[in-house]
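# Close look at the chain arrangement
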Amino acid sequence: MRRFMHLVGCLLIGAGALLSVPALWAADVISTAAKDQASRPWMNKSLSPVQRANLLIKEMTLDEKIVMMHGVSPIPVKGYVGYVPGNARLGIPALRLADGRAGVGNGARDITLLPAPIAVASSWDLGLINEYGKVLGQEQWAKGTNVELGPTIDVVRVPEWGRTFESYGEDPTFNAQMAVAEIKGIQSQGPIADANMYMTMNQESNRFKEDSIVDERTLREIYFPPYEASILDGHVGTLMCAYVKTNGIYSCENPEILNGFLRKLLNFDGWVMSDWGATHSTIGSVTGGLDQQMPDDTFYGAPLKAAVLKGDVSVAALDEHIRDILVPIFRQGLFDKSQPGNWEANVRSPEHDSFSREVAEQGTILLKNDKNLLPLPAKSSIAVFGTAGGKEPKAEGGGSSAVVAPYIVSPLEGIRKRAGALAQVLYADGSDLNAAAKTARAAEVAIVFVHTDETEGDDRPNLKLPGAQDQLIAAVAAVNKKTIVVLDTGGPVLMPWIDAVAGVIEAWYPGQEDGNAIAAVLYGDVNPSAKLPLSFPRSAAEIPTAQLEQWPGVNGLSTYSEKLNVGYRWYDATNTQPLFPFGFGLSYTTFKLSNLVVAPAKLDTQSGLARGRVRVKLNVTNTGSREGAEVVQVYVGQPAKNGEPPHQLRVFAKVQLKAGETKPVSLLLDDRAFSIFDASLHHWITPDGSYEVFAGTSSRDLTLHARIAIGQTR
Ligand code: BGC
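Described below are features of the structure shown in this document. Since the model is a prediction, treat every value here as computed from it, not as a measurement. (Residues numbered from 1 in each chain as written. Predicted model: local features only at pLDDT ≥ 70, side-chain atom pairs only at ≥ 80, totals over all residues. Heavy atoms only, no water.)

Burial of helix H7 (residues 225-232) is extensive: seven of the eight residues sit out of reach of the surface. Those residues of H7 hidden inside the fold are in contact with helix H5 (172-187), strand E4 (192-198), helix H6 (216-223), strand E6 (238-241) and helix H8 (256-265). (Buried < 20%, exposed > 50% of the residue type's maximum accessible area, 1.4 Å probe, protein only. Helix = DSSP H or I, 4+ residues; strand = E, 2+ residues; numbered from the N terminus. Contact = heavy atoms within 4.5 Å.)

This part takes up the site of the ligand. What surrounds the ligand is a group of 13 residues, the closest being Asp99, Arg101, Arg163, Asp275 and Glu456. In the environment of the ligand, an oxygen atom lies 3.0 Å from a nitrogen or oxygen atom belonging to the side chain of Tyr243. Within the side chain of Glu456, an N or O atom sits 2.5 Å from an oxygen atom of the ligand. Within the complex, the protein chains bury 92% of what would otherwise be the 310 Å² of accessible surface of the ligand. A per-class count over the shell around the ligand returns six nonpolar, one polar and six charged. (Near = heavy atom within 4 Å. Polar contact = N/O pair within 3.5 Å; in protein donor to acceptor, adjacent residues only side chain to side chain. Areas by Shrake-Rupley, 256 points an atom, 1.4 Å probe, with all protein chains shown as cover. Nonpolar A, V, L, I, M, F, W, Y, C, P; charged D, E, K, R; others polar.)

Here the focus is the pairing of strand E14 (residues 483-488). Counted residue by residue, E14 has six buried out of six residues, so it is predominantly covered. Burial along E14 is two-sided: Thr483, Val485 and Leu487 and Ile484, Val486 and Asp488, pointing in opposite directions, are all buried. Of the pairings in the sheet, the one linking strand E13 (residues 445-451) to E14 comprises six bridges and is parallel in character. Across the sheet, the residue bridging to Ile447 is Ile484, located in E14. This β-α-β element, E13 to helix H15 (residues 469-479) to E14, shows right-handed connectivity. One ladder, built from four bridges, connects E14 with strand E15 (residues 503-506); its direction is parallel. Each residue of the ladder has a partner; that of Val486, found in E15, is Ile505. (Pairing = 2+ DSSP bridges. Right-handed = clockwise from strand over helix to strand, strands pointing away.)

Time to look at the state of the cysteines. A disulfide bridge is the covalent bond that connects two cysteines by way of their sulfur atoms. The full count for this structure, using the stated rule, is one disulfide. The disulfide that involves Cys241 links it to Cys252, with 2.0 Å between the sulfurs. Between Cys241 and Cys252 the sulfur-sulfur dihedral comes to about 110°; the bridge is accordingly right-handed. Separated by eleven residues along the polypeptide, Cys241 in strand E6 and Cys252 in the loop between strand E8 (249-250) and H8 bring together distant segments of the chain. When sorted by exposure, Cys241 lands in the same class as Cys252, which is buried. (Disulfide = S-S within 2.5 Å.)

Moving on: the sheet that holds E6. The six strands are arranged E1-E2-E3-E4-E6-E9 in an open sheet whose pairing can be described as mixed. Edge positions in the open sheet fall to strand E1 (82-84) and strand E9 (271-274), since each of these has one partner strand only. Strand-to-strand twist of the sheet, defined as the mean angle between neighbouring strand axes without regard to direction, takes the value 25°. Those strands touched by H5 are strand E3 (147-149) and E4, and its axis lies near 145° from that of E4. (Axes fitted to C-alpha atoms, helices over the stretch in contact; angles between N-to-C directions.)

Attention now goes to the packing of aromatic side chains. Taken as a whole and assessed by the stated rule, the structure comprises 20 aromatic pairs. Ring geometry for Trp124 against Phe174: centres 4.6 Å apart, planes inclined by 50°, an arrangement best described as tilted. In this pair, Trp124 is assigned in the loop between helix H3 (117-122) and helix H4 (126-142) and Phe174 in helix H5, connecting sequence segments 50 residues apart. The exposure class assigned to Phe174 is buried, which follows from its relative accessible area of 0%. Measuring from centroid to centroid gives 5.6 Å for Phe580 and Phe584, while their planes differ by 15°, and the two rings are stacked. Like Phe584, Phe580 is buried. Counting every residue linked through ring pairs, the aromatic cluster contains Trp124, Phe174, Tyr568, Phe582, Tyr635 and Phe652. (Phe/Tyr/Trp six-rings, centres within 6.5 Å; stacked < 30°, edge-to-face > 60°.)

What follows covers the sheet that holds strand E16 (residues 557-559). Strand order in the open sheet formed by four strands is E8-E7-E5-E16, and the pairing between neighbours is mixed. Single-partner strands in this sheet number two, and they are E8 and E16.

Moving on: the packing of H6 against H7. To describe two helices that pack against each other, one gives the angle between their axes and the distance between the axes. The contact between H6 and H7 brings their axes to 5 Å, and the two run at 55°. One finds that H6 runs oblique with respect to H7. Of the residues in H7, those touching H6 at Leu219, Arg220, Glu221, Ile222 and Tyr223 are Pro225, Pro226, Tyr227 and Glu228. Broken down by class, the residue content of the contact of H6 with H7 amounts to six nonpolar, no polar and three charged. (Parallel < 35°, antiparallel > 145°, perpendicular 65-115°, else oblique.)

See below:
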């Protein structure tokens with residue numbers, strides 16, 4: 001049984017011509033042990049990464065610097081998706097970059113396919129996502145990767161977004177905490193993590209040209225916090241700038257969001273690489289704040305060298321970019337340790353197989369369970385439906401995060417194995433609705449597996465299940481009252497059949513252990529404890545970005561007119577009832593929250609809790625008859641004059657409880673929990689006033705409520 005983190009802090013406030021490559025670059029320097037520290041003073045480990053970078057920069061020729069500022073294409077070694085040659089003369093390691101949101105990507109074999117990031121996020125368990133990062137980092141490192149392209153941390157604004165499954169959800173504080181935990185996990189195993197895609201990357205429909213029109217307050221309150229936390233708390237080594245434009249300027253040459261937000265505001269000392277093909281200029285990008293072009297040298301090879309020689313880019317400016325690249329490489333120890341891994345290595349292990357299963361179990365959300373139909377009695381005869389339930393399990397999303405699965409246990413296999421000899425398990429793929437209805441009649445319980453095919457490069461046209469899957473559910477439910485729908489989707493779907501079915505489970509893209517994990521949840525070997533990290537709408541019209549101007553945009557402009565009202569904030573602000581709200585998820589047991597006490601926090605510098613402002617205490621009780629875990633969610637409602645959405649998630653904790661057990665929960669809210677971004681002053685302010693603190697088990701089930709005066713109590 002995993003340990004849950006009981007105390008979770010709130011978001012801390014806080015073409016040119018090809019450059020000729022000298023022979024020395026050809027070496028793929030993996031081991032960079034210092035030959036002679038006297039001639040290579042930057043190899044002195046007692047110096048800081050910045051000191052070491054500065055010493056090295058002094059020794060680098062212009063050609064050597066230019067080489068570090070772009071990838072090479074084609075890649076001269078097997079595997080990876082990005083490559084920067086090493087430098088044998090100076091001991092600089094080659095950079096080998098690989099995708100990896102749910103496992104090592106780019107066609108790598110013999111790796112573990114984990115559930116999609118949206119699934120692990122649904123566990124609301126920061127310890128679990130930290131381990132998820134560790135498994136990814138460990139497998140990448142053993143594959144020879146030293147820069148892992150992940151995690152994807154953008155706030156999901158558009159439910160149809162094709163990369164929703166790659167990210168965590170629709171709340172900035174939630175995404176920030178998930179990102180920090182995953183980045184720390186990845187970087188603890190060797191590779192430098194790369195948080196992406198910076199910034200306002202919220203659609204695929206027009207991703208190479210789209211211009212996100214978004215005001216400063218919304219940027220700072222909604223879209224920036226995951227990046228801010230990744231830098232300040234996660235110490236991420238790199239960011240990937242996105243394809244899209246933000247307010248008229250491509251992300252990879254946008255001085256406001258690169259130089260301004262990252263450097264001036266946060267003192268980010270890592271590097272910004274472009275998404276693949278997202279660089280659009282040489283001088284504009286260098287001055288805007290892009291450190292490295294990926295995957296090739298069209299702008300940052302010969303044209304950059306020419307710009308330096310001509311004096312259009314100063315050597316001092318170039319050196320700043322080189323420093324940005326070198327500092328995380330030094331900090332991560334890549335100069336100091338050898339990396340024996342290689343792309344052909346088999347990095348699988350029984351531990352990682354079972355971890356993949358654990359994540360799938362912990363990320364599966366029970367959305368509906370009429371009359372406690374679930375967990376299934378061992379002896380019920382079952383009929384399984386849908387291609388995703390049988391020969392074509394939908395275990396992962398597409399695009400650059402796609403992984404070559406070592407195996408996938410289909411739901412049918414998993415359920416048959418779990419049912420054993422005790423119960424008959426029938427199957428129909430659903431292509432013939434009459435045949436499906438006949439099979440449904442023959443079993444006590446019908447389980448329909450439906451799916452979406454979500455991928456980078458494409459948004460879904462709408463939130464309907466594709467093909468005839470809605471009809472399949474309706475046909476089965478019409479003849480079998482005990483119908484359960486299992487969703488293998490990467491994001492929300494509409495459920496026109498919701499009232500006709502007895503149960504609904506969101507299993508996401510569950511990875512290689514798909515069938516074993518869903519069987520464990522269906523039969524109650526695992527008590528579901530996951531919660532939605534995004535809202536499920538009731539209808540196509542009732543979503544925050546329903547207007548064409550918002551998504552996919554008109555004339556290339558996508559207007560963020562909903563401003564702060566992203567996700568549940570919009571449902572609450574407009575009094576719109578979602579089908580299933582943010583934070584919602586059922587269990588096979590029941591919980592009750594009680595005794596909310598909200599008081600000013602004592603600032604304790606010793607404990608590292610100095611930034612805590614308000615302490616929230618409450619009790620959580622398991623009122624049912626079996627062990628389970630509940631996610632305690634604390635939301636803050638600001639005074640109306642602050643102009644904020646009705647209430648916003650600020651802190652959460654997952655608590656494991658035996659039947660009948662009560663545990664105290666104590667959480668801290670920091671300054672940011674009570675702040676707003678003042679766009680006229682360009683900084684955060686905490687207006688005096690009476691603030692509401694809500695505690696509950698979903699954004700729409702906030703059973704406890706208290707007020708606290710902010711300002712006068714300072
Ligand atoms: C994606 C990135 C990915 C890169 C390399 C791009 O299309 O947007 O997320 O890391 O390709 O595969």
